[in-house]
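# Examining the three-dimensional arrangement
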Amino acid sequence: MADLSGFPITKLWPAADPDVIQLYSLPTPNGVKVSIMLEETGLAYEPHLIDITKNETWGPEYLALNPNGKIPAIIDPNGPGDKPLALFESGAILIYLAEKTGKFLSADPAQRYETIQWVMFQMAAIGPMFGQLGFFHKFAGAAYEDKRPRDRYAAESKRLLGVLEGRLDGRDWIMDDYSIADIATLGWVRNLIGFYGAGELVDYASLGNVPAWLERGLARPAVQRGLEIPARG
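Here goes a summary of the coordinates provided. If you're wondering where the values come from, they're calculated on a predicted model, not measured in any experiment.

## Section: the overall build of the protein
Along the backbone of the protein there are nine helices and four strands. A compact globule built from 233 residues should have a C-alpha radius of gyration of about 17 Å, and the protein, at 18 Å, falls within 12% of that. Over its C-alpha atoms, taken along the principal directions, the protein stretches across nearly 55 × 45 × 25 Å. Residues counted as buried form 48% of the 233 residues belonging to the protein.

Right, dumping it as structure tokens:
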């Protein structure tokens, strides 16, 4: 049995099965990337709900795993060299799990880097911009009388959706096959038009390729399961 006692986080969230991947997350657009990937690959894992509304990521135990205080993070007891590996940042975790399993990331070097490019597009652009729009449209920022910040992020989110719309022209997935680029992006687009309720702001109804892609992605059983993991209490 793997010994995970060297990771302080296991004191607050003990591992029932320390021989499988430990997932510390919440079903947010960033969190579900990893739960979807774990469901898609079939890797054994144990989810732990980290409640960001209770500031659980800012305690010393969680910060010892991710000093940036964000979800998701994992501990793989069977990491490289058969040693436990802790990882944070959803994009890095997706690449790691893809390479660990040989799934959803092409072995062809050119295809591999092109896929990673689109993962970085989500990480650097779609996630931050959609998240800011969510803040100014749905959360505390919605009360601001000055709507220029909201409109700025709405315009940029609309532009980014246009980039994705163009990429999906004539293809079912962001790459030739379903990949970590899709896994990284699906939850964010779903959240933008669903939970954030920003579809009208970004003129989502004018798009064709993106809605069809989102529908295909959400129809996948592993995606449906991953969107609900870890289960909220």
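The structure having been displayed, the exposition proceeds.
## As for the side chain of Gln22
Within the fold, Gln22 resides in strand 1 (residues 21–25). A distance of 3.0 Å separates the side chain of Gln22 from the backbone oxygen of Val20, its partner in a polar contact. With residues near it in sequence (within four places) discarded, Gln22 still touches Leu4, Ala15, Asp17, Glu46, His48, Ala73, Ile74 and Ile75.

## As for the packing of aromatic side chains
Evaluated as defined, the whole model comprises 10 aromatic pairs. Consider the rings of Trp118 and Phe121, whose centres lie 5.2 Å apart with planes at 75°: the pair is edge-to-face. With Trp118 and Phe121 both in helix 5 (residues 109–137) and three residues apart, this pair spans about one turn of that helix. Plain terms: the ring middles of Phe136 and Tyr144 are 5.7 Å apart, the flat faces sit at 70° to each other, and that makes the pair edge-to-face. Given a relative accessible area of 11%, Phe136 falls into the buried group. Counting every residue linked through ring pairs, the aromatic cluster contains Phe135, Phe136, Tyr144 and Tyr153. Between Arg152 and the ring centre of Tyr153, over which it is positioned, the NZ or CZ distance is 5.2 Å.

## Details of unusual backbone geometry
Each neighbour pair has its own omega, and for Ile71 with Pro72 the value is 0°, a cis peptide bond. Tracing the backbone through its elements, the reader meets Pro72 in the loop between helix 3 (60–63) and strand 3 (73–76). Residue Pro230 is bonded to the preceding Ile229 through a cis peptide linkage, with omega at -5°. Its location among the elements puts Pro230 in the segment after helix 9 (221–226). Positive phi, normally seen in glycine, also occurs at Glu89, with a value near 75°. Checked against the element boundaries, Glu89 lands in the loop between strand 4 (85–88) and helix 4 (90–101). In this model, Phe104 sits at a positive phi of 65°, which is unusual for a non-glycine residue.

## Section: the packing of helix 5 against helix 7 (residues 180–193)
It is the contact of helix 5 with helix 7, at a shortest axis distance of 9 Å, that shows an interaxial angle of 15°. Taken together, the axes of helix 5 and helix 7 are roughly parallel relative to one another. As for the relative orientation of helix 5 and helix 7, their crossing is left-handed in sense. Side by side, helix 5 and helix 7 meet where Thr115, Trp118, Val119, Gln122, Ile126, Gly127, Phe130, Gly131 and Leu133 of the first sit next to Ile180, Ala181, Ala184, Thr185, Trp188, Val189 and Leu192 of the second. Here the contact of helix 5 with helix 7 is built from residues that sort into 11 nonpolar, five polar and no charged.

## Here's the deal with the side chain of Thr115
One can find Thr115 in helix 5. Owing to a relative accessible area of 2%, Thr115 belongs among the buried residues under this scheme. If near-sequence neighbours (up to four positions away) are discounted, Thr115 is found in contact with Leu105, Met175, Ser179, Ile180 and Ala181.

## Some details on the pattern of salt bridges
A complete count under the given rule lists 11 salt bridges for this structure. Across the pair Arg220 and Glu40 runs a salt bridge whose closest N-O atoms are separated by 2.8 Å. Of this pair, Arg220 sits in the loop between helix 8 (209–218) and helix 9 while Glu40 sits in helix 2 (residues 31–41), placing them 180 residues apart in sequence. Here Glu40 falls in the buried class, since its relative accessible area comes to 14%. Asp151 serves as the salt-bridge partner of Arg150, at 2.8 Å between the closest nitrogen and oxygen. Residue Arg150 is classed as partly exposed on the basis of its relative accessible area of 21%. On the basis of relative accessibility, which here comes to 37%, the residue Asp151 falls in the partly exposed class.

Conventions adopted
- Residues numbered from 1 in each chain as written.
- Predicted model: local features only at pLDDT ≥ 70, side-chain atom pairs only at ≥ 80, totals over all residues.
- Heavy atoms only, no water.
- Helix = DSSP H or I, 4+ residues; strand = E, 2+ residues; numbered from the N terminus.
- Rg over C-alpha atoms; globule rule 2.2 N^0.38 Å.
- Buried < 20%, exposed > 50% of the residue type's maximum accessible area, 1.4 Å probe, protein only.
- Polar contact = N/O pair within 3.5 Å; in protein donor to acceptor, adjacent residues only side chain to side chain.
- Contact = heavy atoms within 4.5 Å.
- Phe/Tyr/Trp six-rings, centres within 6.5 Å; stacked < 30°, edge-to-face > 60°.
- Lys NZ or Arg CZ within 6 Å of the ring centre and 35° of its normal.
- Axes fitted to C-alpha atoms, helices over the stretch in contact; angles between N-to-C directions.
- Parallel < 35°, antiparallel > 145°, perpendicular 65-115°, else oblique.
- Left-handed = near helix turned anticlockwise from the far one by under 90°.
- Nonpolar A, V, L, I, M, F, W, Y, C, P; charged D, E, K, R; others polar.
- Salt bridge = Lys/Arg side-chain N within 4 Å of Asp/Glu carboxyl O.

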